[in-house]
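Tertiary structure, described
The chain contents come next:
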Amino acid sequence: MALMEVKNVTMRFGGLYALRQVNLEVNRGEIVGIIGPNGAGKTTLFSVISGFLKPTEGQVIFKGKNITGLRPSAICKEGITRTFQIVQPFPGITVLENVQVAAFNRLTGTKSAAEKAEEILDFVGLYSKKDALGSNLTVGERKRLEVAKALATEPELLLLDEVMAGLTPVETDTTISLVKKIQDKGITVLLIEHVMKVIMSLAQRIVVLNHGEKIADGDPETVSKDPKVIDAYLGGVATGA
Ligand SMILES: Nc1ncnc2c1ncn2[C@@H]1O[C@H](COP(=O)(O)OP(=O)(O)O)[C@@H](O)[C@H]1O
Ligand SMILES: [Mg+2]
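Here's a quick rundown of the structure. Remember, it's a predicted structure, so these values are computed and weren't measured experimentally. (Residues numbered from 1 in each chain as written. Chains lettered and ligands numbered in written order. Predicted model: local features only at pLDDT ≥ 70, side-chain atom pairs only at ≥ 80, totals over all residues. Heavy atoms only, no water.)

Topic: the layout of surface pockets
There is about 470 Å³ of room inside the largest pocket. Counting residues per element, the ones that place at least two in the lining of the largest pocket are α2 (72-78), β6 (80-82), α3 (95-103) and α5 (139-152). It is α2 that provides the largest number of residues to the lining of the largest pocket, a total of five residues. Here the residues of the lining of the largest pocket are counted per class, giving 13 nonpolar, seven polar and four charged. (1 Å grid on protein atoms, 1.4 Å probe; cavity = no way out; pocket = protein on both sides within 12 Å on 5 of 7 lines; lining within 4 Å. Points joined across faces, edges and corners; volume = space filled by probe spheres on them. Helix = DSSP H or I, 4+ residues; strand = E, 2+ residues; numbered from the N terminus. Nonpolar A, V, L, I, M, F, W, Y, C, P; charged D, E, K, R; others polar.)

Next up, the structure:
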């Protein structure tokens, strides 16, 4: 059985189909890359899976259970957590406290949540910044804080939305290693990413969205040679969209 299944999901905003009849299966332990030009529906797909949007049609099944339309907090409890493309650490509280808040998804004690937060900050390489304010971090650090917050909820399925965008090459390499370490922990990862090199080095499978429709789904080698995919990219990324 697939860990997570998206079945015939359509998301319509007025007359615009952000997603149209999308089907997707994710198996336990995989890293699946999601690519597609700007506006293809990638973030919308994450919003539907994580409960921030209720799809116009279709279902999201997680561990055999229909979770469509549940609130984000309930879906997080079920074991799915997303990061946001635009990172927003709580201002005015420390990095540690940001992660601690997320840890309350599973833990009730303040002390156990703080311990969990320290462990996660160490894991993502942000321990030395634990007492800094979220608002004082660099872009790269904020992105890692976002991943730390997501990990603190102890997801089984982690949805990463462009966590490498805006990073330096060194930070990108650090984050690639981090995603591999997350997979080694047994967490399944769905990863939206623009940089082909990153996707190719991480994903066991690539799903391509274009204008809300899934146009390819397969191993990186095959997908990157698919004429439909090359066409979509010539119409999108190559023009700087
Ligand atoms: N809340 C919303 N209301 C109306 N239109 C939206 C909303 N969210 C996304 N869209 C539109 O849906 C399409 C897909 O957006 P998005 O999922 O953010 O694409 P991607 O993440 O692939 O760049 C875009 O045309 C976008 O403008
Ligand atoms: Mg997006």
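Past the structure itself, the notes keep going.
Some points on the site of ligand 1
In the vicinity of ligand 1, the residues found are F13, L16, A18, P37, N38, G39, A40, G41, K42, T43 and T44. Between ligand 1 and the protein, one listed contact pairs an oxygen atom with a side-chain N or O atom of T43 at 2.9 Å. Looking at the shell around ligand 1, the elements with two or more residues in it are β2 (16-26) and α1 (42-49). By residue number, the principal contributor to the shell around ligand 1 is α1, which donates three residues. Among the residues forming the shell around ligand 1, the class breakdown is five nonpolar, five polar and one charged. (Near = heavy atom within 4 Å. Polar contact = N/O pair within 3.5 Å; in protein donor to acceptor, adjacent residues only side chain to side chain.)

Points about the packing of α5 against helix α6 (residues 169-184)
It is at 11 Å that the axes of α5 and α6 come closest, and there the two elements cross at 10 degrees. As far as their axial angle goes, α6 and α5 are roughly parallel. Packed against α5, whose contacting residues are G140, R144, V147 and L151, the element α6 presents E171, L178 and I182 at the interface. (Axes fitted to C-alpha atoms, helices over the stretch in contact; angles between N-to-C directions. Parallel < 35°, antiparallel > 145°, perpendicular 65-115°, else oblique. Contact = heavy atoms within 4.5 Å.)

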